[in-house]
Amino acid sequence: MQTRRSFLASGVVAGLSAGSLSKSLSAVQPRGKAGFPCVLATWKNRKAVEAAWEVLQMGGSALDAVEAGARVPEADPDDSSVGYGGLPDREGKVTLDACIMDSQGNAGSVVFLEGIKHAVSVARRVMEHTPHVILAGEGALQFAIQQGFKQEELLTPSAREAWERWKVESRYQPVINQERHDTIGILAIDRDGVVAGACSTSGLAFKMRGRVGDSPIVGAGLYVDGEVGAATATGLGEAVLKKMGAFSIVEMMRQGMGPQKACLEAVRRLLSVRAAEAFQVGYVAVDRRGRTGACSLRPGFQASRMWTSGFELQDAPSLLSR
Ligand code: ASP
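Here the residue index of a chain counts from 1 through its sequence in written order. Two thresholds apply to this predicted model, a pLDDT of at least 70 for residue-level local features and 80 or more for giving and counting side-chain atom pairs, whereas whole-chain, interface and lining totals are computed over all residues. Think of the side-chain values as coming from all heavy atoms in the structure, minus any hydrogens and water.

## A look at the overall build of the chain
Reasoning step 1: Put simply, DSSP H or I for four residues or longer makes a helix, DSSP E for two residues or longer makes a strand, and each gets a number counted from the N terminus. In terms of helices and strands, the chain carries 10 helices and 12 strands.
Reasoning step 2: Put simply, of all contacts in the chain between residues at least 6 apart along the chain, 66% involve residues at least 24 apart.
Reasoning step 3: Reported accessibility uses the Shrake-Rupley method at a 1.4 Å probe radius. Residues are deemed covered only where the shown protein chains occlude them. Entry remark: accessible area of the chain is about 13500 Å², with carbon and sulfur atoms responsible for 50%. Note on contacts: a residue pair is in contact if any heavy atoms of the two residues lie within 4.5 Å.

## As for the packing of aromatic side chains
Reasoning step 1: Within 6.5 Å between ring centres, the rings of Phe, Tyr and Trp (the latter by its six-membered ring) count as paired, and their orientation is classed by plane angle as stacked under 30 degrees, edge-to-face over 60, tilted in between. Summed over all chains, the structure comprises three aromatic pairs.
Reasoning step 2: Seen in terms of ring centroids, Trp43 and Phe301 are 5.0 Å apart; in terms of plane orientation they differ by 90°. Their pairing is edge-to-face. In this pair, Trp43 is assigned in the loop between β1 (38-42) and α3 (46-57) and Phe301 in the loop between β10 (292-296) and β11 (302-307), connecting sequence segments 258 residues apart.
Reasoning step 3: Under the scheme applied here, a residue whose accessible area is under 20% of the maximum for its type counts as buried, over 50% as exposed, and between as partly exposed, the area being computed with a 1.4 Å probe on protein chains only. Relative accessible area serves as the criterion here: at 8%, Trp43 is assigned to the buried category.

## Notes on the site of the ligand
Reasoning step 1: A molecule or strand has a residue near it when one of that residue's heavy atoms lies within 4 Å. Close contacts around the ligand come from 13 residues, with Thr183, Arg211, Asp214, Thr234 and Gly235 the closest.
Reasoning step 2: Interatomic distance of 2.6 Å between a side-chain N/O atom of Thr183 and an oxygen atom of the ligand.
Reasoning step 3: A distance of 2.9 Å is found between an oxygen atom of the ligand and a backbone nitrogen or oxygen belonging to Gly237.
Reasoning step 4: In the complex, the protein chains occlude 100% of the 270 Å² of accessible area that the ligand would expose alone.
Reasoning step 5: Gly falls in the polar group here, along with every residue not listed as nonpolar (Ala, Val, Leu, Ile, Met, Phe, Trp, Tyr, Cys, Pro) or charged (Asp, Glu, Lys, Arg). Considering only residue class, the shell around the ligand consists of one nonpolar, eight polar and four charged. Definition of a polar contact: a pair of N or O atoms within 3.5 Å, with one able to donate and the other able to accept a hydrogen when the atoms are protein atoms, and with sequence-neighbouring residues admitted only if both atoms are side-chain atoms.

## Description of the pattern of salt bridges
Should the charged atoms of two oppositely charged side chains come close, the side chains can pair.
Reasoning step 1: In what follows, salt bridge is the name for a side-chain nitrogen of Lys or Arg lying within 4 Å of a carboxyl oxygen of Asp or Glu. Tallied over the entire structure, the rule returns 17 salt bridges.
Reasoning step 2: Here Lys117 makes a salt bridge to Glu152, at a shortest N to O gap of 3.9 Å. Within this pair, whereas Lys117 is found in the loop between β3 (107-113) and α5 (119-129), its partner Glu152 is found in the loop between α6 (137-146) and α7 (157-169), the two being separated by 35 residues in sequence.
Reasoning step 3: Among the residues examined, Glu152 registers a relative accessible area of 22% and is labelled partly exposed.
Reasoning step 4: Note that Glu164 is salt-bridged to Arg160, the shortest N-O span being 3.9 Å. Taken together, the residues Glu164 and Arg160, both in helix α7 and four residues apart, mark about one turn of the helix.
Reasoning step 5: Classification of Glu164 as partly exposed rests on a relative accessible area of 37%.
Reasoning step 6: Arg160 gets classed as partly exposed once you look at its relative accessible area, which sits at 41%.
Reasoning step 7: Salt bridges linked by common partners bring Asp64, Glu67, Arg124 and Glu128 together as one network.

## Remarks on the sheet that holds strand β7 (residues 222-225)
Reasoning step 1: For two strands to count as paired, DSSP must find a minimum of two bridges between them. Sheet architecture is open: four strands sit in the order β7-β8-β9-β10, paired in antiparallel fashion. Unpaired on one side and paired on the other, β7 and β10 mark the two borders of the sheet. Strand-to-strand twist in this sheet, taken as the mean axis angle between neighbours without regard to direction, amounts to 10°.
Reasoning step 2: As judged from the five bridges shared by strand β9 (residues 281-287) and β10, these two strands associate in the antiparallel manner. Lines fitted to the C-alpha atoms define the axes, with helices restricted to the stretch that makes contact. Angles between their N-to-C directions range from 0 to 180 degrees.

## Comments concerning the nonpolar core
Reasoning step 1: In plain words, nonpolar cores are sets of buried Ala, Val, Leu, Ile, Met, Phe, Trp, Tyr and Cys residues tied together by side-chain atoms within 4.5 Å. With 100 residues, the main nonpolar core has Val39, Val110, Leu113, Ile186, Ile249 and Tyr283 as its most contacted residues.
Reasoning step 2: Contact partners of Ile249, with chain neighbours within four places excluded, come to Ala231, Ala262, Cys263, Ala266, Tyr283 and Ala285.

## A closer look at the pairing of β1
Reasoning step 1: Among the five residues of β1, five are classified as buried, and the element is accordingly described as predominantly covered.
Reasoning step 2: Neither face of β1 is left uncovered, since the one carrying Cys38, Leu40 and Thr42 and the one carrying Val39 and Ala41 both have all their residues buried.
Reasoning step 3: Bridge analysis of β1 against β11 gives five bridges, and the strand direction is antiparallel. Pairing of Thr42 across the sheet is with Ala303, part of β11.

## So, the pairing of β9
Reasoning step 1: When you tally the buried positions in β9, you get seven out of seven residues, the bulk of the element.
Reasoning step 2: Residues of β9 alternate between two faces, with Val281, Tyr283, Ala285 and Asp287 on one and Gly282, Val284 and Val286 on the opposite face, all of them buried.
Reasoning step 3: Where strand β8 (residues 229-235) meets β9, seven bridges bridge the pair, whose relative direction is antiparallel. Looking across to β9, one finds that Thr234 is bridged to Gly282.
Reasoning step 4: Counted along the chain from β9 to the antiparallel partner β10, the turn is four residues long, and its residue Gly290 has a positive phi close to 90°.

And the structure:
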C-alpha cells in the first residue's frame, strides 16, 4: 500500500515547484479589477450565485444574498450533496448540516437536521432568534417546526436507489470522490462592502449515522470576519475540521496574505492529515476588497464567481497533480 511518504516522494505533488505553481495560480486571479459587490461559491453553482447576485442587485444585504444562493441547491433534487435529493447516511436517512455568518461575527448553524429542506434558513433563524450558535438533531428539527418550516421526506427515489446500490457492498469507509463533493459554500460582499457567508450540505454520502462534517462548524467549513473577508470549504470534512480551514484562511488574510495565497497555504497544511493521498478538499475565499481565491488539494475543483463583469466558472489550481 502506498504511504503518504511514498506518495509524496513519487512526485505527485504538482504545485511545489514555484514556477508551475505560480503559473497555475495566475489562472484564478481576477481577470479585471477586484471589487464588490461580488459573489463566490464552491463548485459549478451558477444558479446559486445568480440568485445571490440578484439579491445584491436589488439592494439586498450580503446575508440575504448568501442565504438565497444556498437555498438553490437545497431545493434541487438533482443535487446529491445538498438538501432535498442529498445522498443519505448508511441507514438511508438524509441528514443536513448548514451554517451562516454575518460580517459582525454572528453565526448560526444546524447539525444532523432531518426532514427540513432549507437547512441554511434554519441556521439563520438560530443566529437571529436564539441565544445559541448551534442546534443539533431533534432540537434543531423542533425549532425549525416552531419557526414554521415544512417537514418533508428528503430522500428522493434516485438517492434511495444509490443507497440500495451502496448497500450491496456497504464498505465501511465513506465514499470519497470529487463528484460527491458538492457542498455549497457561498460568500458575498454587498455594495456597501459588507461580507457574509453560508454553507449547506448533506455531508458525505453513506456516512455513519450521527456524523457531522466541517460545514456547520464555525471556523472549519465557514468563517467570516467583516474586517478581513471570508472563506469556505468543500471536500472531506474530517480533514477541514482538523485544520480549521476557513478560519486559518481568514487569519492568514488578516496577516496580509492575499486570498489566493491563503487558500493555497491552507491546502498545503492538509498534506499532514492522515491519508492525504485519498481525499479532496477545496477552499474559496474573498477579502474585503473583493479579491478572490480558490485552491484544492487535487485537480477537479471549480469556483463560481459573479461580479459586475458577469459570471465566471474557474478551474481552481490544485496542489497535487492527481
Ligand atoms: N464538506 C462536506 C462534509 O464533509 C462534504 C462535501 O463537501 O461534499 O460534510
